[in-house]
Amino acid sequence: VDQIQLADGSTPTASDLGLNTTGSVLQVVQDRIVGNVSTTSSSLQDSGLVVSITPSSTSSKILVIAYSTNIVTQDGGQLTGEIQSQIGGGGYSTLQGFGGDAGAGATNNYIGSIYSSSLHSPNTTSQVDYKVKFRNSGGGGTVFLVGYTPQHHGITLMEIAG
């Protein structure tokens, strides 16, 4: 026998074997970028962070963690943004917003870090794509995501068993 089988010949589930997997991390995927991304636009712009995951069960939840540890603003720029998701290529929608504020009229202010997390219940076993978009909501100036190393900007997904 190459696999465990129940008496009726079917493949057992974790619960059939007395295992409780609820809350366990089933898979982890991530994307990180190196390089600088900037905008003066008040419209959402792609940050370059995009990652996909295919849940193993419709009851799984996806813990989404996005971060940027080097944010610089110039001449009153303020950074805000969104984590967006799409299921099975059906089009992106907002999952979680995030923001920071350098202060109006500021010049070359270092904001620091932004972290955003969300627990998503996509209820699918189709591919789910997540991306990070950002904008300058300060009414002037520029916002920069400054990335000298891959640790500066990233998005991590963890599938959590439901």
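Not measured: the values here are computed from a predicted model.

Conventions and cut-offs
- Residues numbered from 1 in each chain as written.
- Predicted model: local features only at pLDDT ≥ 70, side-chain atom pairs only at ≥ 80, totals over all residues.
- Heavy atoms only, no water.
- Salt bridge = Lys/Arg side-chain N within 4 Å of Asp/Glu carboxyl O.
- Helix = DSSP H or I, 4+ residues; strand = E, 2+ residues; numbered from the N terminus.
- Buried < 20%, exposed > 50% of the residue type's maximum accessible area, 1.4 Å probe, protein only.
- 1 Å grid on protein atoms, 1.4 Å probe; cavity = no way out; pocket = protein on both sides within 12 Å on 5 of 7 lines; lining within 4 Å.
- Points joined across faces, edges and corners; volume = space filled by probe spheres on them.
- Pairing = 2+ DSSP bridges.

Let us now look at the pattern of salt bridges. Throughout the structure, instances matching the rule amount to 2 salt bridges. Ionic pairing is found between Asp46 and Lys131, a salt bridge with its closest N-O pair at 3.7 Å. With a gap of 85 residues between them, Asp46 in strand E3 (residues 45–53) and Lys131 in strand E8 (residues 128–136) connect regions that are remote in the sequence. Judged by its relative accessible area of 47%, Asp46 falls in the partly exposed class. Between Lys133 and Asp46 there is a salt bridge; the shortest N-O distance is 3.8 Å. Pair noted here: Lys133 is in strand E8 and Asp46 is in strand E3, with a separation of 87 residues, a long-range link. Salt bridges sharing common partners tie together Asp46, Lys131 and Lys133.

The final tally for this structure, using the stated rule, is 1 cavity of 30 Å³ or more. Considering the residues around the largest cavity, the lining is formed by 13 residues, among which Tyr67, Ser68, Phe98, Ile114 and Val132 are closest to the centre. Mapped by element, the contributors of at least two residues to the lining of the largest cavity are strand E4 (61–74), strand E7 (109–120) and E8.

What follows deals with the pairing of strand E10 (residues 153–160). The buried fraction of E10 amounts to 7 of the 8 residues, a majority that puts the element mostly inside the structure. One ladder, built from 8 bridges, connects strand E1 (residues 25–33) with E10; its direction is antiparallel. Looking across to E10, one finds that Val29 is bridged to Leu157. Two strands pair when backbone bridges link them, and E4 and E10 are joined in this way by 8 bridges, in the antiparallel orientation. The partner of Ser68 across the bridge, within E10, is His153.

Next up on the list: unusual backbone geometry. One non-glycine residue, Asn123, lies in positive phi territory at about 55 degrees. Residue Asn123 is classed as exposed on the basis of its relative accessible area of 57%.

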